[in-house]
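Next come the chains, spelled out residue by residue.
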Amino acid sequence: MPMSPAFQARLFPTLPSIAEHFGTPFHIYDEAGIRETGARLKQAFATVPGFNEYFAVKALPNPAILRLMREMGFGFDCSSIAELVLSRQAGARGEQIMFTSNNTSQEAFAAAAADGGCILNLDDLSLIDKVPEFPELICFRYNPGPTRDGNSIIGKPEEAKFGVAHGQILDAFRHARERGARRFGLHTMLASNELHAEYMVQTVEMLLKLAEWIGTTLDLRFEFINIGGGLGIPYRPGEAAFNIERLGAASTAQLQEFAARNGYVPRLYTESGRYMTGPHGVLVTRAINRKDIYRTCIGVDACMSALMRPGMYGAYHHIDVLGKAPGPHDRPVDVVGSLCENNDKFAVQRPLPEVADGDLLAIHDTGAHGQAMGFNYNGKLRPKELLLREDGRVDLIRRAETLDDYFATLSFAGDSFIVGTP
Ligand SMILES: *Cc1c(COP(=O)(O)O)cnc(C)c1O
């Protein structure tokens with residue numbers, strides 16, 4: 001099931017007046033749903049000692065959402081300076097922040113070490129000597145290569161740009177210890193939007209085996225393993241949800257076996273983005289045009305700048321036409337934005353009830369990697385974000401971009417350089 005029936009029941013009856021008040025388009029997120037998912041995750045891992053979720057900030061980098069995550073006791077996973085700043089503004093410090101960057105710059109290392117630091121998760125062997133002040137606690141992102149499959153969003157591990165190769169991982173920890181590391185973590189992220197709990201169970205298994213091998217070879221202990229994000233959500237009607245309880249139970253069993261063999265147990269961390277917020281957001285947009293050419297195109301007032309996933313990955317996002325129930329006579333239409341790009345389509349040949357100008361469309365599951373992935377190509381501006389509170393109030397949590405925002409980088413002190421003769 002895409003968007004939950006409970007969220008629909010909370011939102012749809014009042015959506016016309018919300019749209020009237022705030023104007024379309026907008027993403028609207030559901031506080032109650034996010035809290036429920038957080039509680040369910042904690043419950044599923046209740047038997048895992050020291051479990052914690054580090055919410056992947058890139059999925060939904062809004063301070064109001066990060067505050068919810070903090071209230072639930074979660075940390076943050078960051079991979080840019082802006083995300084570090086947001087996390088610290090939300091009150092997270094030190095080991096409540098995991099910094100998992102790739103192709104990391106000196107500037108990013110400095111930001112990671114500033115303001116109480118964070119858990120540094122290094123992506124390559126070559127970075128060890130580039131960390132200005134080597135921390136006591138260090139983590140490496142592991143890439144198992146051809147021994148594991150990935151999927152279409154993130155690619156095969158073997159072809160991915162992420163992580164330390166299997167043949168380098170011992171050297172990584174050895175060298176980190178030479179630089180002064182005394183506390184250790186192990187990280188991986190192999191799949192994206194993975195719907196099978198079994199795949200993630202295998203990831204836990206893989207990391208524990210690796211931790212055991214590195215631990216005995218180098219005589220060190222791991223404080224934690226982090227299985228990354230990638231827990232999937234059902235975007236299509238009829239798809240089964242990720243079985244989080246199964247992952248929690250299987251992880252518990254594996255950690256117990258690890259403890260029996262090794263005499264200690266590392267904590268287990270996740271850094272889910274999509275799983276936490278994906279189903280709890282909707283892009284609300286109004287139909288403004290319709291054209292009947294070879295196909296019927298329903299033109300809406302949002303475009304790719306608000307949601308890249310359909311254009312970028314061919315991703316399916318379910319769509320409801322507000323107040324019109326789907327029926328057997330629905331005809332396939334393309335739902336399109338206004339960008340001069342033919343992949344600016346929220347849906348392709350999707351059977352929908354008859355849409356008239358002025359109808360509201362709810363595009364489901366935009367709570368993660370939606371607004372955040374938006375861009376400004378073609379001068380298109382990103383929409384506002386709203387938060388439906390548990391008490392029914394609706395808060396504006398980000399205003400829409402304006403032309404002034406778009407032109408802001410054209411206001412600068414001039415600079416010219418004439419290459420002189422030596
Ligand atoms: C993107 C990302 C995540 C979150 O991925 P989801 O699919 O949203 O769960 C977690 N960790 C890292 C390192 C990432 O790059």
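Shown above is the structure to which this text applies.
Residues numbered from 1 in each chain as written. Predicted model: local features only at pLDDT ≥ 70, side-chain atom pairs only at ≥ 80, totals over all residues. Heavy atoms only, no water.

Q: Looking at this structure, I do not really get empty space enclosed by the protein. What am I missing?
A: Taking a probe equal in size to a water molecule and rolling it over the atoms shows the remaining empty space. Tallied over the full model, the rule gives two cavities of 30 Å³ or more. In this structure, the largest cavity encloses a volume near 70 Å³. Along the walls of the largest cavity sit 13 residues, with Asn143, Pro157, Ala160, Met189 and Leu190 positioned nearest its centre. When its residues are assigned to classes, the lining of the largest cavity shows seven nonpolar, four polar and two charged. Approximately 50 Å³ is the volume found for the second largest cavity. In terms of lining residues, the second largest cavity is bounded by Arg290, Ile298, Arg331, Val333, Leu352, Pro353, Glu354 and Val355. Broken down by class, the residue content of the lining of the second largest cavity amounts to five nonpolar, no polar and three charged. (1 Å grid on protein atoms, 1.4 Å probe; cavity = no way out; pocket = protein on both sides within 12 Å on 5 of 7 lines; lining within 4 Å. Points joined across faces, edges and corners; volume = space filled by probe spheres on them. Nonpolar A, V, L, I, M, F, W, Y, C, P; charged D, E, K, R; others polar.)

Q: Could you clarify how one ought to interpret the pairing of strand β1 (residues 26-30) in this entry?
A: Put simply, side chains in a regular strand alternate between the two faces of the sheet. Buried residues dominate β1, accounting for five of its five residues. Residues Phe26, Ile28 and Asp30 point to one face of β1 and His27 and Tyr29 to the other, with burial holding for every one of them. Relative to strand β17 (residues 384-388), β1 runs parallel, the two being bridged by five bridges. The residue of β17 that forms the bridge with His27 is Glu385. Both β1 and strand β11 (residues 281-292) contribute to a ladder of four bridges, which runs antiparallel. Considered in β11, the bridge of Tyr29 is made with Gly281. (Buried < 20%, exposed > 50% of the residue type's maximum accessible area, 1.4 Å probe, protein only. Helix = DSSP H or I, 4+ residues; strand = E, 2+ residues; numbered from the N terminus. Pairing = 2+ DSSP bridges.)

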